[in-house]
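Understanding the architecture of this molecule
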Amino acid sequence: MTVENDPSPRFAGYAHPERLVSTEWLQAHLGTDGLVVVESDEDVLLYETGHIPGAVKIDWHTDLNDPVERDYINGEQFAALVGSKGITRDTTVVIYGDKSNWWASYALWVFTLFGHTDVRLLDGGRAKWEAEGREYTTDRESAPTVEYPVVERNDAPIRAYQSDVLDHFGSPLIDVRSPEEFSGERTTAAAYPEEGALRAGHIPSAKNVPWAEAAADDGTFRPLDELNAVYRDGAGLTDGDSVIAYCRIGERSSHTWFVLTHLLGFEGVRNYDGSWTEWGSAVRVPIVKGSEPGAVPSRR
Amino acid sequence: MSEPLPAALQQIKDDFRDLEVRDRLQLLLEFSQELPELPERYSEHPDLFEQVVECQSPVFIFVEVDDSDIVHLYATAPREAPTTRGFASILAQGLAGLTVAEVLAVPDDYPSDLGLTEAVSPLRIRGMTALLGRAKRQIREKTAA
């Protein structure tokens with residue numbers, strides 16, 4: 001750890017409080033050696049309208065996804081990307097963004113695929129920073145290019161492929177999409193682009209816990225007792241469970257992955273980024289329609 | 001041989017394509033800042049506007065055809081959605097003053113031709129294609145009667 005943790009008592013109950021920083025902490029630490037602030041939004045232009053002073057921008061689509069194959073960038077591409085943002089292997093990276101840190105969580109999860117050790121979220125993201133009237137700038141990004149080692153992505157611990165989901169039946173699956181997508185009424189979130197799934201519904205036995213249940217109105221994460229009520233009491237998760245979360249393309253489920261892993265302390269949680277756009281178009285995989293999870297399917 | 005683009009749309013396309021990719025985003029941002037406020041007669045009638053669901057953030061458009069057969073496009077999108085505002089603004093400016101026939105003749109893939117696809121991703125460009133499609137459909141509906 002190159003930069004001290006945020007000792008805020010608000011985070012103390014979480015399993016890994018070092019994964020969050022408050023707006024107050026960030027304000028006080030802007031410009032600290034070894035700290036790089038990254039903005040990651042749904043809207044590719046939002047950063048340009050004004051951002052936290054000194055922050056760099058990483059776009060989920062144009063930067064983190066491979067432009068040709070449906071996969072994340074590789075170790076060389078990642079090294080070039082983050083090196084150009086002034087991030088070294090030892091840098092403390094604090095990510096923030098719009099929509100309750102939905103896309104910031106996605107970026108954090110991708111950093112984790114490459115084993116970047118110290119990557120945190122700004123609790124509350126853009127909305128909270130703005131609501132508190134803190135400073136924005138429209139200065140163009142200016143980060144020194146630094147050396148980042150080429151580290152091969154290590155998917156297995158936190159990323160599930162379609163075959164992993166088939167092998168996972170019998171263990172908990174969390175579908176974080178809206179109830180309408182879960183039941184099969186529609187294949188995309190309301191007001192979102194159709195990304196193409198040929199069938200509607202959900203993966204059998206998945207529990208529906210929309211991602212936003214983990215977010216408070218001000219964009220921060222809900223306190224521990226409320227998260228426990230949602231995921232342990234509500235969805236029935238218990239310590240030792242191996243969990244796979246999915247959504248439509250793996251972005252909303254990154255938010256849930258962060259909550260389960262870093263706030264509630266579940267180990268081995270994986271994000272199935274193929275999610276509904278893969279499962280809903282795949283041949284010969286089981287699907288359930290309606291609002292009930294449905295039974296664990298037998299092997300085909 | 002395809003029809004030449006209306007002058008304003010051609011100019012916008014040339015302006016984008018003359019720039020480096022990174023500066024194209026900056027130009028799109030400028031467009032987003034130029035999206036006009038709704039005329040007063042519409043500002044209190046959100047019900048008249050049609051939501052374009054293919055755009056990532058909510059955007060509403062409404063098309064008028066006046067007595068001289070000229071199309072007027074009005075659009076509104078939240079401040080937190082500058083990309084969407086930029087798309088709407090390009091269409092509002094590019095289609096301004098055109099006749100029904102001229103708007104309907106605009107190629108459906110005009111958005112893909114702006115050189116923005118690389119800067120904002122193909123997924124996002126689809127939102128602008130949908131906006132243009134909605135505008136044309138509204139015009140067809142209004143002129144069919």
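Refer to the preceding data block for the structure.
The following refers to the structure shown. Everything numeric in this text was worked out from a predicted model, so none of it was measured.

Here we come to the packing of aromatic side chains. Under the defined criterion, the tally for this structure stands at 15 aromatic pairs over all chains. Between the aromatic rings of Phe78 of chain A and Phe111 of chain A, the centroid separation amounts to 5.2 Å while the plane-to-plane angle is 80°, which identifies the pairing as edge-to-face. Of this pair, Phe78 of chain A sits in helix H3 (residues 75–83) while Phe111 of chain A sits in helix H4 (residues 102–113), and the two are 33 residues apart along the sequence. By the burial criterion, Phe78 of chain A is buried, and Phe111 of chain A matches it. Judged by centre distance (5.7 Å) and plane angle (20°), the rings of Phe16 of chain B and Phe31 of chain B are stacked. Placement of Phe16 of chain B in helix H1 (residues 7–17) and of Phe31 of chain B in helix H2 (residues 21–34) is noted, with a sequence separation of 15 residues between them.

Time to look at the nonpolar core. Counting residues in hydrophobic clusters, the biggest one holds 57 residues, and the most contacted among them are Ile95, Phe111 and Tyr231 of chain A. No other element matches H4 of chain A, which puts 10 residues into this core. Leu27, Ile61, Ala92 and Leu95 of chain B belong to the second-largest nonpolar core, a separate cluster that totals 40 residues.

In total, this model carries 27 salt bridges over all chains according to the counting rule given. Where Arg222 of chain A meets Glu226 of chain A, a salt bridge forms, and the shortest distance between an N and an O atom there is 3.2 Å. Put simply, Asp239 of chain A and Arg232 of chain A hold a salt bridge, and the shortest N to O gap is 2.9 Å. Under the relative-accessibility criterion, Asp239 of chain A is labelled exposed at 60%. The class of Arg232 of chain A is partly exposed, set by a relative accessible area of 22%. Ionic contacts of the salt-bridge type, sharing partners, join the residues Glu39, Arg126 and Glu130 of chain A together with Arg79 and Glu80 of chain B into one network.

Conventions used here
- Residues numbered from 1 in each chain as written.
- Chains lettered and ligands numbered in written order.
- Predicted model: local features only at pLDDT ≥ 70, side-chain atom pairs only at ≥ 80, totals over all residues.
- Heavy atoms only, no water.
- Phe/Tyr/Trp six-rings, centres within 6.5 Å; stacked < 30°, edge-to-face > 60°.
- Helix = DSSP H or I, 4+ residues; strand = E, 2+ residues; numbered from the N terminus.
- Buried < 20%, exposed > 50% of the residue type's maximum accessible area, 1.4 Å probe, protein only.
- Core = buried A, V, L, I, M, F, W, Y, C linked by side-chain atoms within 4.5 Å.
- Salt bridge = Lys/Arg side-chain N within 4 Å of Asp/Glu carboxyl O.

These results come straight from atomic positions and should not be treated as a statement about function.
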